[in-house]
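# An overview of the molecular structure
If you want the building blocks of each chain, they are given just below.
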Amino acid sequence: MITAYSQVVVGGGQERGDAILKGIVSQNWAKDWKDAKLNAVKLVLQKKDLAHPTGLPPVWVAEIEGPGRRKGIMMWDQGGEGRIVEFTLDAKLKIETVISEVPNLQQFPIEEEGGKVVASGCVPTAAASVVSFWVDKKFPLWRGEDGKTPADIASRLRARLKMATFSDTDGFTSNGMMLAGAFPHDLARVIQADAMEKNVGIDCRIARFSIELLKEEINAGRPVLLSCTVRVPHQPHLSWGHEMVGVGWTKIDEVNLVGVMDNFYPTKHAETIRWIRADVFRSLISIRPRKRD
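A short tour of the structure in this document, coming up. Quick caveat, the model's predicted, so the values are computed rather than measured. Every chain is numbered independently, its residues counted from 1 as its sequence is written. Residue-level local features of this predicted model are given only where pLDDT is at least 70; pairs of side-chain atoms are given and counted only at 80 or more, and the full residue set underlies all totals for whole chains, interfaces and linings. Hydrogens are left out, water is left out, and the side-chain values use all remaining heavy atoms of the structure.

### Overview of the environment of W134
For helices the rule is a DSSP run of H or I covering at least 4 residues; for strands it is a run of E covering at least 2, with both sets numbered from the N terminus onward. Considering the arrangement of structural elements, one finds W134 in helix 2 (residues 122–137). Taking the C-alpha atoms as reference points, W134 and P289, separated by 155 residues in sequence, lie 9.2 Å from one another.

### Describing helix 4 (residues 184–197)
Spacing of three or four residues puts side chains on the same side of an α-helix, whose turn is 3.6 residues. For a helix, the expected span equals 1.5 Å multiplied by the number of residues minus one. A rise of 1.5 Å per residue sets the reference length of helix 4, with its 14 residues, at 20 Å; its end C-alpha atoms lie 20 Å apart and thus fit the reference within 8%. Note on helix 4: the residue one or two positions beyond its end, N199, has a positive phi of about 60 degrees.

### Quick word on the pairing of strand 5 (residues 84–89)
For the exposure calls, accessible area comes from a 1.4 Å probe over protein chains only, and a residue counts as buried if that area is under 20% of its type's maximum, exposed if over 50%, partly exposed in between. The buried fraction of strand 5 amounts to six of the six residues, a majority that puts the element mostly inside the structure. Here, strands pair whenever DSSP counts at least two bridges between them. Two elements, strand 4 (residues 71–77) and strand 5, share five bridges in a ladder whose sense is antiparallel. Residue pairing across strands places M75 opposite E86, the latter belonging to strand 5. Hairpin connection of strand 4 to strand 5: six residues between the antiparallel strands, including G80 at a positive phi of 60 degrees.

### What about the nonpolar core?
F87 and W142 are the most contacted members of the largest nonpolar core, which totals 79 residues. Here a residue-residue contact requires only that any non-hydrogen atoms of the pair lie within 4.5 Å. With residues up to four places along the chain from it excluded, the contact list for F87 reads I24, W29, I73, M74, I252, L257, I273, R274 and W275. What we call a nonpolar core is a set of buried Ala, Val, Leu, Ile, Met, Phe, Trp, Tyr and Cys residues that are connected through their side-chain atoms within 4.5 Å.

### Side note on the state of the cysteines
In this description, a disulfide is simply a cysteine sulfur pair whose atoms lie within 2.5 Å. For the coordinates displayed, the defined rule picks out zero disulfides. Looking at the unpaired C122, the closest cysteine sulfur is the one in C228, lying at 8.4 Å. Classification of C122 as buried rests on a relative accessible area of 9%. For C228, a relative accessible area of 0% gives the class buried.

Function-wise, these values are silent; they only describe arrangement.
What follows is the structure, given as structure tokens:
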């Protein structure tokens, strides 16, 4: 059966999905989810007329039903060995390889001249979460007079970026507001300039993503900014280029997974981590306190 969003609902993925879920709930940090089960298993194709096609293949998608009506989402490959693509358990979990206390700022509407409403955009929104982490952790000066909240910091960084806007013709947002984007290389430059203006000693650098570099930063307690091409977890027939905050890593189902805080993902718990297979990530922006001479 094909719906208006090109979602094909067929059988055949349940057995592999159950095996992956068993591996997830066997982790020490997921022991409270040991009796979780998969519901509504379906094969999801990308929207055929996506304005900016990403070329992502069909995936199996299922809802995870956990204890106390807690929910999650899991996706896995249709072909090959059916490896995990991503999963989320909507809960606050204590995981050793995850940095805690990183604000999870969600994208928000901004009214521009002429009354046009535009999304804050994933690039400055993700960056504001990381900057806010460092404001609270080590650099209170970085807040500035115009950075009382993470949203204020996002707006400040956004004003420095070369933002591009485009119409939401695919239904990413519920109200059809304009979407906004920017480039990671520009973001790294803007973060460094913003820190210098506030007399904050950091080194902000962009590099090609690697799981080794991610582990180095996470193990040192430094959240990172990651660019990738991913599906929208709650609308998996949609996908886009996206910027998110990297806060952790793990390995499940023989797959390296990156733990992120997604700025376009309505979850019940702000601390919810989205776990995504490492091969979708392209760049990594690190922010390191500058060593004193």
